[in-house]
Amino acid sequence: MSRFFATGSDSESEESSSADEITPKAPGATFKQSLLLSDDEEDTKRVVRSAKDKRFEELTNLIKTIRNAMKIRDMSKCLEEFEQLCRAFLKSKNIVDKEGVPPFYIRLLADLEDYLNQLWEDKEGKKKMNKNNAKALSTLRQKIRKYNRDFESEIAAYKENPQESADEEEEEKEPEDSGSSSDSEGEVSSKSFLKKKPEAPSEATKFLKSAKGSGDESSSSDEDDDDDDDEDWGSDQSGSSGETSDKEEGKTSSMSMLFLKKAQDTEKPGVRKEERKKKLKQKERIEEEAEEEGGEEAGGGWEKVKGGVPLVKEKPKMFAKGTEINTAVVVKKLNEILQARGKKGTDRAAQIELFHALAAIAAENNLGQGILVKIKFNIIASLYDYNPNLAAFMKPDMWKKCLDCIDELLDILFEHNNIFIGENIAEDSENLAVSDQPFRVRGCILTLVERMDEEFTKIMQNTDPHSQEYVDNLKDEGRVCGIVDRLLTYMENKGSTEEICRVYLRRIMHTYYKFDYKAHRRSLGLQGETKSEQDQEESEGEDSAVIMDRLCKFIYAKDRTDRIRTCAILCHIYHHALHSRWYQARDLMLMSHLQDNIQHADPPVQILYNRTMVQLGICAFRQGMIKDAHNALLDIQSSGRAKELLGQGLLMRNMQERNAEQEKIEKRRQVPFHMHINLELLECVYLVSAMLLEIPYMAAHEFDARRRMISKQFHHQLRVGERQPLLGPPESMREHVVAASKAMKMGDWRTCHSFIINEKMNSKVWDLFPEAQRVREMLVRD
């Protein structure tokens, strides 16, 4: 027997107190409570959702987490959640294939990419990031760029109309919600219909609510409660004992809690459903009214505009309406635009457009060429400032604009002789207005052309040399040389001696490394095959040798800076050596004494010196001066860093020797690909020269204990060849030279000749010379 039944004979007050004390502690209370829940009531709690809703809810939860992480700039969390999002999207691939990519997913991808790009451009913000966040930022940026390639069209459509796509997404969501709500209503109504056997659940709930609300009244009126209970629940018992009343009180209190919770849960969604229905009806009614009004008002009245369509912004007006446009007003506006230059947040492209608009206004109002020249100077300067980073090169469209602007500026300067420009002209003493006095404008056209030449070099350095783009960019060199020639003509008339020397050096730097095939053909007595080629040769004028001689001699006589003279001498020697004028090149090198103090020059000049010495050595080899060729090439080849010393690439070295900043500086010193010297040709010339000197010396001093070594690199190649366990036919250029050396050492001249001169060596090395046959004959003779 339970102890609940032991106290059956006590008074009503004792029964109520014992019930109050013992009922909460009953061990079977939770079990009884669970028994009270019917299967139908459990079914009403359970929500049946489609696979699409489940997957999309998972995606939206992850997107919320990512957006929260974006707000606090937690890149590690963003990266982690983005990886989970990608996996979740992959799981829902079947649903996406049927329904299409959800708009909220596209919106997140677009927003996240823009957000990461914005963070990446914020240099100060990146410095303040901790190590993990910075690493996560770079990783996430790479991943999102790669991932977004699959959604390029959707992201582009979203960026064109972000508001419209957001509206569409909301419209898609609302019908879905309304549909699901109607389904759930249908389920509830069917279940309530099935549950309608006990006729008065509503009265029971009323009774329970009243019982909960006024406990004293319920305790005082037990008889009324019993009667109601008998009526509501159909119980046939009458005059039950105190224990049963206590039990029923416990049951009713637990059931009241259940019914109250259920009522709260079911009330909220019902309100939401009604609100959504109202909104939908309002939208439909507004649209119908708008259509009816549009039908009645044919041609006139209000028009419905779709949300999210970007409005066309009008360009900011340069001057207020009715302003008298004169030189002073235009100069003031020009200074206003210039004040924003270099400031953070300034749109450089918009600045360039403003300058062009100002130039057009000045031309329309005939304010004279002086103000036009000043505006052109600022346009070109702003084009150069478009990329603030020194290592960055100009984009193709900016490069074309720059060339066009410089050409237009030179056109103005050639047409109007009354315009004087110079850096020494102060801004106060400028004369920009139309008057009897000549125009005076502060600015230096030479500096702009020098910067243009440097930008061209940077473009060539940063283009893949094996692509068609490199060839297309190289075609611009003709235009660059044309601008330099025009500037040269202008400076010869109006420039100072120092400026003429600077522009002459620019012309020399574009000429010294090019082999003049037409002059070479004329020296051999050959003429063009067709009449048009002959006419073209006659109309071209002086040879490159004559141009180089004239420009360099002017610099030797007039220049006051050592650097320009040194560069001119080296270019002159290089050009002589390239055209096989060995004695002139050698004498100029010996007279200049550059080899004594070249180590004190800056790195670009040292690179030019190394290139000149290499070309001098190759020239000596072509002329049969084997010893001179070996001596000229010895320093470069013995170092093992010929590629780096000639400015044709960087060698992989330890990071301790060269940090990232030094590497950037060295990359800017590299010579463009079309100016490179063939390193395989250089090494072959050196090894063949060393072979022709070393093998006879070894034969002559075979038993000499104090025999010296002429070329260490040549001996190293011989030792490598001797170590090979299997000796097959030679493949590379080095193997051919080593095989020829062994044959020469044995006195087999014919075999040596066959190893040095054959089809493979001809295609790799000897055919690269302008006079290939003459070089082959020289080798056979030696």
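Predicted, not measured: the structure shown is a model, and the values here were computed from it. (Residues numbered from 1 in each chain as written. Predicted model: local features only at pLDDT ≥ 70, side-chain atom pairs only at ≥ 80, totals over all residues. Heavy atoms only, no water.)

Digging into the overall build of the protein chain
To keep things clear, this is the line we draw: Under the scheme used here, helices are H or I runs from DSSP no shorter than 4 residues and strands are E runs no shorter than 2 residues, and both carry numbers assigned from the N terminus. Burial classes: relative accessible area under 20% of the type maximum marks a residue as buried, over 50% as exposed, and values in between as partly exposed (1.4 Å probe, protein chains only). Contact definition: two residues touch when any of their heavy atoms are within 4.5 Å.
When its secondary structure is counted, the protein chain shows 39 helices and 2 strands. By residue count, 35% of the 782 residues in the protein chain fall in the buried class. Considering only contacts in the protein chain between residues 6 or more positions apart, those separated by 24 or more positions represent 66%.

Some words on a positive patch on the surface
Basically, it comes down to this: Only residues whose relative accessible area exceeds 30% and that form no salt bridge enter a patch; like-charged residues are grouped when within 9 Å of one another, and nonpolar side chains (Val, Leu, Ile, Met, Phe, Trp, Tyr) when within 5 Å. Per-residue and other accessible areas follow the Shrake-Rupley method at a 1.4 Å probe size, with only the shown protein chains counted as cover for residues. Basic side-chain nitrogens of Lys or Arg form a salt bridge, by our definition, when they fall within 4 Å of a carboxyl oxygen of Asp or Glu. In summary, the charge assignment counts Lys and Arg as positive and Asp and Glu as negative, without counting His or the chain termini. By convention, charge coordinates are those of NZ in Lys, CZ in Arg, CG in Asp, or CD in Glu.
Taken together, the side chains of Lys123, Lys664, Arg668 and Arg669 present a region of like positive charge at the surface. Here arginine 668 is to be found in helix 33 (residues 660-668).

Some remarks on the packing of aromatic side chains
Operational definition: Pairs were defined over the aromatic rings of Phe, Tyr and Trp, the Trp ring being its six-membered one, requiring ring centres within 6.5 Å. Orientation was assigned from the angle between planes: stacked under 30 degrees, edge-to-face over 60, tilted for the rest.
Applying the stated rule across the entire model yields 15 aromatic pairs. Residues phenylalanine 89 and phenylalanine 151 carry aromatic rings whose centres are separated by 5.9 Å and whose planes lie at 75° to one another, so their mutual orientation is edge-to-face. With a gap of 62 residues between them, phenylalanine 89 in helix 5 (residues 75-91) and phenylalanine 151 in the loop between helix 9 (131-147) and helix 10 (152-160) connect regions that are remote in the sequence. Its relative accessible area of 8% is what places phenylalanine 151 among the buried residues. An aromatic cluster is present here, built from Phe82, Phe89, Tyr105, Tyr147 and Phe151 joined pairwise through their rings.

So, the pairing of strand 2 (residues 439-442)
In summary, the side chains of a regular strand alternate between the two faces of the sheet. Where we set the bar: Should DSSP find at least two bridges between two strands, the strands are regarded as paired.
Side chains Phe439 and Val441 project from strand 2 onto a buried face, and the interleaved Arg440 and Arg442 project onto a face without burial. In this sheet, strand 2 lies alongside strand 1 (residues 419-422) in parallel orientation, the contact comprising 4 bridges. Counterpart to isoleucine 419 in the pairing with strand 2 is phenylalanine 439.

A short note on the pattern of salt bridges
Throughout the structure, instances matching the rule amount to 33 salt bridges. Glutamate 81 serves as the salt-bridge partner of lysine 77, at 3.3 Å between the closest nitrogen and oxygen. Of the two residues, lysine 77 and glutamate 81 are both situated in helix 5; the distance of 4 residues between them amounts to about one turn of the helix. For glutamate 81, a relative accessible area of 6% corresponds to the buried category. Close ionic contact of aspartate 407 with arginine 479 constitutes a salt bridge, the shortest N to O distance being 3.4 Å.

Quick word on the environment of leucine 768
Assignment of secondary structure puts leucine 768 in the loop between helix 38 (759-764) and helix 39 (772-781). Residue leucine 768 is classed as partly exposed on the basis of its relative accessible area of 42%. Those residues in contact with leucine 768 that lie beyond four places of it in its chain are Asn678 and Leu681.

Things to note about the environment of leucine 448
Counting through the fold element by element, leucine 448 comes out in helix 20 (residues 445-461). Owing to a relative accessible area of 10%, leucine 448 belongs among the buried residues under this scheme. Sequence-wise, leucine 448 and cysteine 402 are 46 residues apart; in three dimensions their C-alpha atoms are separated by 9.8 Å.

A short note on helix 19 (residues 396-415)
To keep it simple, the criterion reads: Expected helix span is given by 1.5 Å per residue-to-residue step, counting one fewer step than there are residues.
Under the 1.5 Å per step criterion, the end-to-end length of helix 19 is 29 Å for 20 residues, consistent within 8% with the ideal 28 Å. Turning to helix 19, its buried residues are Met398, Trp399, Cys402, Leu403, Cys405, Ile406, Asp407, Leu409, Leu410, Ile412 and Leu413. Looking at the buried side of helix 19, the elements it contacts are helix 17 (348-364), helix 18 (369-384), strand 1, helix 20 and helix 22 (476-494).

Focus: the nonpolar core
Threshold: Nonpolar cores were defined as sets of buried Ala, Val, Leu, Ile, Met, Phe, Trp, Tyr and Cys residues, with membership established by side-chain atoms within 4.5 Å.
Judged by nonpolar contacts, the single largest core of 134 residues is most densely connected at Ile445, Phe621, Val688, Met691 and Trp766. Top contributing element to this core by residue count: helix 34 (residues 679-700), with 12 residues. Excluding residues within four positions of it along the chain, methionine 691 makes contact with Pro696, Phe714, Val737, Ala740, Ser741, Met744, Cys752 and Ile756. Ala69, Tyr105, Ile106 and Met129 belong to the second largest nonpolar core, which has 36 residues in total.

Description of the confidence of the model for the protein chain
Keep this limit in mind: Predictor confidence is given residue by residue as pLDDT, running from a minimum of 0 to a maximum of 100.
For the protein chain, the mean per-residue pLDDT works out to 76, and 72% of the residues sit at or above 70. This model gives residues 4-42 a pLDDT under 50, and the stretch forms 23 contacts once residues within four places in sequence are excluded. Counting interchain partners and residues more than four positions distant, the pLDDT-below-50 stretch residues 293-301 has 1 contact.

Details of the packing of helix 27 (residues 562-578) against helix 30 (residues 603-622)
Geometry of a packed helix pair, given as the angle between the helix axes and the separation of the axes. Here is the rule: The axes used here are C-alpha line fits, helices contributing only the stretch in contact, and every angle between their N-to-C directions lies in the interval 0 to 180 degrees. When an angle is under 35 degrees it counts as roughly parallel; over 145 it counts as roughly antiparallel; between 65 and 115 it counts as roughly perpendicular; any other value is oblique. Each crossing gets its handedness from the near helix: less than a right angle anticlockwise from the far helix is left-handed, clockwise is right-handed. Under the scheme applied here, ten amino acids are nonpolar (Ala, Val, Leu, Ile, Met, Phe, Trp, Tyr, Cys and Pro), four are charged (Asp, Glu, Lys and Arg), and all others, including Gly, are polar.
Two elements in contact, helix 27 and helix 30, have axes separated by 8 Å at closest approach and are oriented at 25°. Between helix 27 and helix 30, the angle is such that the two are roughly parallel. In the crossing of helix 27 with helix 30, the sense of the turn from one axis to the other is left-handed. Taken together, the residues of helix 30 that come into contact with helix 27 (itself represented by Arg563, Thr566, Cys567, Leu570, Cys571, Ile573, Tyr574, Ala577 and Leu578) are Pro604, Val605, Leu608, Tyr609, Arg611, Thr612, Gln615, Leu616, Cys619 and Arg622. Grouping the amino acids of the contact of helix 27 with helix 30 by side-chain chemistry returns 13 nonpolar, 3 polar and 3 charged.

A short note on the side chain of glutamate 477
Relative to the assigned elements, glutamate 477 resides in helix 22. For glutamate 477, the residues in contact, after removing those within four places along its chain, are Phe456, His510, Tyr513, Lys514 and His674.

A word on the packing of helix 23 (residues 497-509) against helix 27
At a closest axis distance of 10 Å, the pairing of helix 23 and helix 27 adopts a crossing angle of 30°. Accordingly, the angle class assigned to the pair helix 23 and helix 27 is roughly parallel. You can see that helix 23 and helix 27 cross each other, and the crossing is left-handed. Counted together, Cys501, Arg502, Leu505, Ile508 and Met509 of helix 23 and Ile564, Cys567, Ala568 and Cys571 of helix 27 form the full contact between these two elements. In terms of residue class, the contact of helix 23 with helix 27 is built from 8 nonpolar, no polar and 1 charged.

Quick look at the environment of arginine 719
Structurally, arginine 719 can be placed in helix 35 (residues 712-723). On a C-alpha basis, the gap between arginine 719 and valine 738 in space is 9.4 Å, while along the polypeptide they are 19 residues apart.

Quick notes on unusual backbone geometry
A positive phi angle, close to 60°, is found at arginine 73, a residue other than glycine. Topologically, arginine 73 is positioned in the loop between helix 4 (51-71) and helix 5. For arginine 73, a relative accessible area of 41% gives the class partly exposed. The backbone phi angle of serine 580 is positive, close to 60°, even though this residue is not glycine.

Re the state of the cysteines
Convention followed: Cysteine sulfurs are considered disulfide-paired once they come within 2.5 Å of each other.
Scanning all chains against the criterion turns up 0 disulfides. Not part of a disulfide, cysteine 552 finds its nearest cysteine sulfur in cysteine 571, a span of 7.0 Å. The class for cysteine 552 is buried, based on a relative accessible area of 0%. Cysteine 571 takes part in no disulfide bond, and the closest cysteine sulfur to it belongs to cysteine 567, at a distance of 6.4 Å. Taking the relative accessible area as the measure of exposure, cysteine 571 reaches 0% and is therefore buried.

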